[in-house]
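Descriptive structure summary
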Amino acid sequence: MAANEEAVKYVWEGAIPLQIHLHKSEVASHPAPPPALVLAPRIGYLPLLVSLIKPYFKDSLPPGEDSIWFDYKGVPLKWYIPTGVLFDLLCAEPERPWNLTIHFRGYPSNVLIPCEGEDSAKWNFVNSLKEAAYIINGNCKNVMNMSQSDQEDLWTSVMNGDLDAYTRLLPKLKMGNIEDKFSRKADLSSPKSRQGGTEIDVTEQVVKTARIPVRLYVRSVNKDFENLEDVPEIDTWDEISYLNRPVEFLREKGKCYFTLRDAIESLLPEYSGDRAQTSGEEEADGSQETRGEIKLVRIQGIELKLDIPFSWVVNNLMNPEFYLHISVLVIGPQR
Amino acid sequence: MDSAGEVVNDGKITLEGFTVAARAFADKWKRHNLSFPPWSWVPLINRTMLKKEEGYLSLEKIIILSSLEGSAEEESLDVTADWSEKEESIDHTVLVQNEEDEAHYYDYHIVYSASYMVPMLYFRGYSSDGKPLSLDVIKRDLPSSSVSLLLESKWTFITQEEHPYLNRPWFKLHPCGTEEWIKLLSESSSSDGCQIPVELYLVSWFSVVGQVVGLKIPREMLI
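Residues numbered from 1 in each chain as written. Chains lettered and ligands numbered in written order. Predicted model: local features only at pLDDT ≥ 70, side-chain atom pairs only at ≥ 80, totals over all residues. Heavy atoms only, no water.

So, the packing of helix α1 (residues 15–32) of chain B against helix α6 (residues 198–212) of chain B
Residue and element names in this part refer to chain B.
- It is at 7 Å that the axes of α1 and α6 come closest, and there the two elements cross at 65 degrees. Considering the angle they form, α1 stands roughly perpendicular to α6. Crossing geometry of α1 relative to α6 is assigned as right-handed. Between α1 and α6, the residues in contact are Gly17, Phe18, Val20, Ala21, Ala22, Ala24, Phe25, Lys28 and Trp29 and Val198, Glu199, Leu200, Tyr201, Leu202, Val203 and Phe206, respectively.
- By residue class, the composition of the contact of α1 with α6 is 13 nonpolar, one polar and two charged. (Axes fitted to C-alpha atoms, helices over the stretch in contact; angles between N-to-C directions. Helix = DSSP H or I, 4+ residues; strand = E, 2+ residues; numbered from the N terminus. Parallel < 35°, antiparallel > 145°, perpendicular 65-115°, else oblique. Left-handed = near helix turned anticlockwise from the far one by under 90°. Contact = heavy atoms within 4.5 Å. Nonpolar A, V, L, I, M, F, W, Y, C, P; charged D, E, K, R; others polar.)

Right under this line is the structure:
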């Protein structure tokens, strides 16, 4: 199903209210500054908010150079993950406003890759875009061939949450058409496929495996729960499995009932409904593992029903760098 | 994909192919590269795909002696010579050094990239107190030929990124163009233009990539 303008606008306008506290070890003024209240775009990144936040705290900071990072309940936040994804993943029960702590000193470089503000966020965005392009088109020529100024403008449109500017720039990006991957046959006469498809082999579109850029974040808990507020807090990133892997599926002519469930199960076969057939292997002590269960799937803050066609999800809910970020909460397999 | 298509003709490899190639690479290394410790296969436990195992190759605690002045490249090659001369079993964490030399330890992981369908080399360096080495320091440990290669080439460059599985910053050698030079290797290695058999894929790949980080493989591995 094609992208719905209204849905895409909804995604771009999505934002998370943040309440940012200065870490107590860095409060050098009395009284301590109150927290900063900031509305963070879901498709944006934390380093882009620093210019909004810093004025609240600059008078309270101890002397020295800034090296800025954020934490949520002691867990350092990975700045290159879109803010909305961090929220969906780390807050089982959505917390509004979301209370984060900002640090201007003591960057945990043993766990976080360095961040030099906006430049790092931009580099990360362009790199992800190249990787997505490679997955969709089989090469990243379309990104490499974009002029520096067009690339700049594309990034700026994302930074500013300017969907109109982004949409105007998309044709310059010449990203292969994702819709065609789901359609019944390559439609040569449609202007859309011509625009995106000059470099794509038509037979490839019709016959081969389609690949969709997906980043899957899996949080596993040990026990079942009634309510989301009963899900324990996260202590470290080691509790989360990150899968940066394209969803692949064979395009069958005339059919595409590939659902979100199909997509997730292709990446997490241990949660597949068919597991009963293949997991006949018993443990050494004769007991059998019960399969794990997918409790929650969140994309752009929406808890999705798994029967939704994957094509709709991709076309409407992907991020500007053409990646679909999926947060999953599962009950791990029990022994 | 059928097993005959494990190494796709355009220089890329599938996940299944990578697992096979990794085992073959580790075996050959063990047999022919006695001056180094063996690679180990690290399975990804929480992501075992039913019957298909996923994982990566790991070679850790490789010591590069670095003198505080002068070039490091001769030193790094000397390390390997020392190893093969010793009769006793190798304790990979023990180091022979004089007071002027500072020991740098390196870990290397060969990880499969599902996006680019090629292997990627991740590495990190640290001193004996565990403190990570910066890229500038690491570059001084690399052979001078690869430093100029890195600076001048569009293909190979090193960036600091998060290790795909370990939640820590590592350095990564960029894969740009990997499938192109693997294709070139396979075309030149046999007259009938056959593709590289999956068992030799990683060996071929490493014969190029390893050189960038100063790890050479003996010719016998390429057979």
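There's more to say after this.
Quick word on a negative patch on the surface
Residue and element names in this part refer to chain A.
- Taken together, the side chains of Glu93, Glu226, Glu229 and Asp230 make up a negatively charged region of the molecular surface.
- Along the chain, Asp230 turns up in the loop between β7 (214–221) and β8 (240–244).
- Using a relative accessible area of 47% as the deciding quantity, one classes Asp230 as partly exposed. (Patch = residues over 30% accessible without salt bridge, like charges linked within 9 Å, V, L, I, M, F, W, Y side chains within 5 Å. Areas by Shrake-Rupley, 256 points an atom, 1.4 Å probe, with all protein chains shown as cover. Salt bridge = Lys/Arg side-chain N within 4 Å of Asp/Glu carboxyl O. Lys, Arg positive; Asp, Glu negative; His and termini not counted. Charge placed at Lys NZ, Arg CZ, Asp CG, Glu CD. Buried < 20%, exposed > 50% of the residue type's maximum accessible area, 1.4 Å probe, protein only.)

Here's the deal with the interface of chain B and chain A
- The interface is formed by 24 residues belonging to chain B together with 30 residues belonging to chain A.
- Summed over the shared surface of chain B and chain A, the result is two salt bridges.
- Inspection of the chain B/chain A interface yields 10 residue pairs in polar contact (both at pLDDT 80 or more).
- Per-element accounting of the side of chain B that touches chain A gives the leading share, four residues, to strand β5 (residues 158–162) of chain B.
- Grouping the constituent residues of the side of chain B that touches chain A by class yields nine nonpolar, seven polar and eight charged. (Polar contact = N/O pair within 3.5 Å; in protein donor to acceptor, adjacent residues only side chain to side chain.)

Describing the domain arrangement of chain A
All names here are of chain A.
- By the assigned domains, chain A splits into domain 1 (16–115), domain 2 (119–180) and domain 3 (210–274 + 291–331).
- The C-alpha-based centres of domain 1 and domain 3 are spaced at 27 Å.
- If you look at the interface, domain 1 gives 19 residues, while domain 3 gives 20 residues.
- Regarding the contact of domain 1 and domain 3, the summed buried area is about 1,800 Å², with carbon and sulfur atoms giving 65% of it.
- It is Asp88, Leu89 and Ala92 that lose the most area in domain 1 upon contact with domain 3, and together they represent 32% of the buried surface on that side.
- Our count for the contact surface shared by domain 1 and domain 3 stands at one salt bridge.
- With its nearest N and O atoms 3.2 Å apart, the salt bridge here joins Lys73 to Glu233.
- Broken down by secondary-structure element, the contributors of at least two residues to the side of domain 1 that touches domain 3 are β4 (75–76) and α3 (83–90). (Domains from an automatic or database assignment. Buried area = accessible area lost by both parts, 1.4 Å probe.)

As for the sheet that holds strand β1 (residues 15–22) of chain A
Residues and elements named next belong to chain A.
- Read across the sheet, five strands follow the order β2-β1-β5-β3-β4 without closing on themselves; strand pairing throughout is mixed. Both outer strands of the open sheet, β2 (36–41) and β4, are each paired with one neighbouring strand and no more.
- Relative to β4, strand β3 (residues 69–72) runs antiparallel, the two sharing two bridges. Bridged to Asp71 within β4 is Pro76.
- Relative to the sheet, helix α2 (residues 50–57) contacts β1, β2, β3 and β5 (98–103), its axis offset from that of β2 by approximately 175 degrees. (Pairing = 2+ DSSP bridges.)

Re the UniProt feature "domain: Autophagy protein ATG5 alpha-helical bundle region" (unreviewed entry) in chain A
- As annotated in UniProt, the feature "domain: Autophagy protein ATG5 alpha-helical bundle region" (unreviewed entry) corresponds to residues 118–174 of chain A in the numbering used here.
- Counting secondary structure, residues 118–174 of chain A comes out at 82% helix and 0% strand; the distance between its end C-alpha atoms is 25 Å. (UniProt positions renumbered as here; feature names shortened; annotations may be inferred.)

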